[in-house]
Amino acid sequence: MRFEFRIAVAVLLFVNSANGGDFAGDYSKLSGIIIPGFASTQLRAWSILDCPFTPLDFNPLDLVWLDTTRLLSAVNCWLKCMMLDPYNQTDHPECKSRPDSGLSAITELDPGYITGPLSSVWKDWLKWCIEFGVEPNAIIAVPYDWRLSASMLEERDLYFHKLKLTFETALKLRGGPSLVFAHSLGNHVFRYFLEWLKLEIAPKKYLQWLDDHIHAYFAVGAPLLGSVETVKGTLCGHTFGLPVPEGTARMMFNSFGSSLWMMPFSRYCRPHSAYWKHFSDRTKEDYHVHQCDDREYQLNYSGWPTNIINIELPSIHGPSAYPSATDFVGMNSSSQECGLSTQLSFSAREISDGTFFKAIEDYDPDSKRLLYQLEKSYHGDPVLNPLTPWDRPPLKNIFCIYGIESKTEVGYYVAPSGKPYPDNWIITDVIYEEEGSLFSRSGDQVEGNPGVTSGDETVPYHSLSWCKNWLGPKVNITRTPQAEHDGSDVQEELNVEHRPDEDIVPSMTKSPRVKYITYYEDSESIPGKRTAVWEIDKANHRNIVRSSVLMRELWLQMWHDIHPDAKLKFVTKAKRGPLRHEDCYWDYGKARCAWPEYCEYRYVFGDVHLGQSCRLKNTSASMLLNYV
């Protein structure tokens, strides 16, 4: 905890109480609700499972995801507690798991001296909140079973009912609306919640409920149009860095109803409205039939940089296309090479509407399961088909935040491996986006429609930047260094014209040695509402919630929003000084602490180098007034 920031918060609260205590300036009334991403919540056993040949049995409340010790020593038992029935999403007959609750469920997935830092997710985020004086009951985690589809989350766990009660409890407890922090898949969960809420609240009260309960929505690393890595996981498996075979990871991943939730889909295709079911005699089967505009068929790749999958289908059909392990032992593998294969390519639309899985149905057993889940839990969902483009949620303040300029996968070449299921496919080549171009794993240039930059190593730029469509026709753009700066390298463009469905490309320079943040801000197009997009150079998808730069900007924006004297719509970007002792460092060239306006040399017993002895001045609480 930092004493000077406690003083700053206390001063602010005093000013607010003098002004009547309205939320417009009352820090104490805010709550923060965290919706974690895929595989970012602990799962605990809710069964007693005897694991042979190992003393590590599973008992109720034992950690399942992520317990690396049990994974390494009893992988078959561990899989029983992790996998679901691929059709009805029920637990294994011998073991069931449920998500943990509270903040501990999302801070470290595998606590321990060695494994803890490697599996840390939201721990650094919580440290920042504590350091800046946030009360314990002001931060609320809403973990969920990330293996389930949205409809099953509600059917089995009443998750969205509980989430609605969480917002209402936070309002009653603290007297003000909440800030929503969602990461990765958590953004899809929050989108579904907003649509589900329309069916729970009278239409005339829906917008008022949102205004009363949600002050701002921070969408961090949101795969708004899906992620191509999900396709790789369904065909070849995604190990998440765990010591398991890819085939095992594939079977586990495809047993989850959520495996399709982040599939890439076309930006040009939208479904029929779900609300037609209340006002017409349409059957359930055509609630969410895709309606694609002409651009889907006139342009290539469904608006993505390239085709997602280029697959080589074998000449043989039926069960012999995916032999069992016992059949494979006695098989003459040369016989598989006699027929001519067929090369097919599939766009994002053809993946999301099931065309791709129907094409490989005779060659892969998982396609039948995936098609079933696709129709039941996505196209047939009565609330929302998640595999459709987002519109701007009707919230007062939206901040869309993501990393750019990292090498990111955008397409694959896949061929039969000659091995039995689940290892029957192999990725022969990968298409990447980087620096505004497409190239293969071998380094060859690939034709396509690359964006102006690349994504965050996991989600392509095309999907992350979809939220730029939520900005209005006039946008203010500011580019600043990520590090503390005096304002000399700040670039600004005001009232930049923005056309619908087009990217915004600022005419600004970048130094190759500096990492920047580019802010796109609009507070005029929708009266009373603000929309902002933050692009953070080199911010990794999985680690962005641990980024000190992101947490600094979030804190300053929240500080600005609650200050009664704030005159600008968004926090100023003109200058960034140190906010914590850790931000102060020793300037060896000048033989003093850098940022002497904020930092001073103050030795404390235990310091081992000069940089540790550079600390914020005791009077630095007033520096926050620079950001009003």
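The protein chain appears in an unreviewed UniProt entry as Phospholipid--sterol O-acyltransferase from Kalanchoe fedtschenkoi.

Here we come to the packing of helix H7 (residues 150–157) against helix H8 (residues 159–174). At their nearest, the axes of H7 and H8 sit 6 Å apart, and the two run at 80° to each other. In this view, H7 runs roughly perpendicular relative to H8, as classed from their interaxial angle. Residue-level contacts link Ala150, Leu153, Glu154 and Asp157 of H7 to Tyr159, Phe160, His161 and Lys162 of H8. Classifying every residue of the contact of H7 with H8 by side-chain character gives 4 nonpolar, 1 polar and 3 charged.

For the rest of this paragraph, the subject is the pairing of strand S18 (residues 516–522). Counting buried positions along S18 gives 7 out of 7 residues, so the element sits mostly inside the fold. Because side chains alternate across S18, one face comprises the buried residues Tyr516, Thr518, Tyr520 and Asp522, and the other comprises Ile517, Tyr519 and Glu521, equally buried. In this sheet, S18 lies alongside strand S16 (residues 474–481) in antiparallel orientation, the contact comprising 6 bridges. Within S18, the position partnered with Pro481 by the bridge is Tyr516. The pairing of S18 with strand S19 (residues 530–537) spans 6 bridges and is antiparallel. The partner of Tyr520 across the bridge, within S19, is Val533.

Among the 10 residues that make up strand S14 (residues 425–434), 7 are buried, leaving the element largely enclosed by the rest of the structure. Here S14 folds back onto strand S15 (residues 437–440), and the loop between the two strands holds 2 residues, one of which, Glu435, carries a positive phi near 55°.

Here the focus is the state of the cysteines. Taken as a whole and assessed by the stated rule, the structure comprises 6 disulfides. The side chain of Cys584 participates in a disulfide bridge whose partner is Cys599; the two sulfur atoms lie 2.0 Å from each other. Taking the sign of the S-S torsion, -75° for the link of Cys584 and Cys599, the bridge is left-handed. Note that Cys584 is positioned in the loop between helix H20 (548–562) and strand S20 (586–587) and Cys599 in strand S22 (residues 599–601), a separation of 15 residues in sequence. Accessibility assignment for this pair places Cys584 and Cys599 in one class, buried. Sulfur-sulfur distance for the disulfide between Cys593 and Cys614 comes to 2.1 Å. In this structure, the disulfide formed by Cys593 and Cys614 twists by about -90° around the S-S bond and is classed as left-handed. Residue Cys593 is located in strand S21 (residues 592–593), and its partner Cys614 is located in strand S23 (residues 614–616); the two are separated by 21 residues in the primary sequence. A single burial state applies to Cys593 and to Cys614, both of which are buried. In the protein chain, the bonded cysteines, taken in the order they occur along the sequence, pair up as 1-2, 3-4, 5-6, 7-8, 9-11, 10-12.

Turning to the sheet that holds strand S2 (residues 43–45), a few remarks are in order. Strand pairing in a sheet relies on backbone hydrogen bonds. The paired strands run either parallel or antiparallel. Judged by pairing direction, the sheet is antiparallel, and its 3 strands sit side by side in the order S3-S2-S4 without closing on themselves. Edge strands, defined here as strands with exactly one partner in the open sheet, are strand S3 (63–65) and strand S4 (97–99). The sheet shows a mean angle of 40° between the axes of neighbouring strands, taken without regard to direction. In terms of strand pairing, S2 meets S3 through 2 bridges, oriented antiparallel. Looking across to S3, one finds that Arg44 is bridged to Leu63. Seen against the sheet, helix H3 (residues 75–82) touches S2, S3 and S4 and runs at an angle of roughly 75° to S3.

With respect to the secondary-structure elements, Tyr144 resides in the loop between strand S5 (139–141) and H7. For Tyr144, a relative accessible area of 1% translates into the label buried. Sequence separation of Tyr144 and Arg98 is 46 residues, and the distance between their C-alpha atoms is 8.6 Å. Once residues within four sequence positions are removed from consideration, Tyr144 is found in contact with Ile35, Pro36, Gly37, Phe38, Thr41, Pro99, Leu153, Tyr159, Leu185, Gly186 and Val189. Reaching out from Tyr144, the side chain makes a polar contact with the backbone oxygen of Pro36 at a distance of 2.7 Å.

Criteria and cut-off values
- Residues numbered from 1 in each chain as written.
- Predicted model: local features only at pLDDT ≥ 70, side-chain atom pairs only at ≥ 80, totals over all residues.
- Heavy atoms only, no water.
- Axes fitted to C-alpha atoms, helices over the stretch in contact; angles between N-to-C directions.
- Helix = DSSP H or I, 4+ residues; strand = E, 2+ residues; numbered from the N terminus.
- Parallel < 35°, antiparallel > 145°, perpendicular 65-115°, else oblique.
- Contact = heavy atoms within 4.5 Å.
- Nonpolar A, V, L, I, M, F, W, Y, C, P; charged D, E, K, R; others polar.
- Buried < 20%, exposed > 50% of the residue type's maximum accessible area, 1.4 Å probe, protein only.
- Pairing = 2+ DSSP bridges.
- Disulfide = S-S within 2.5 Å.
- Polar contact = N/O pair within 3.5 Å; in protein donor to acceptor, adjacent residues only side chain to side chain.

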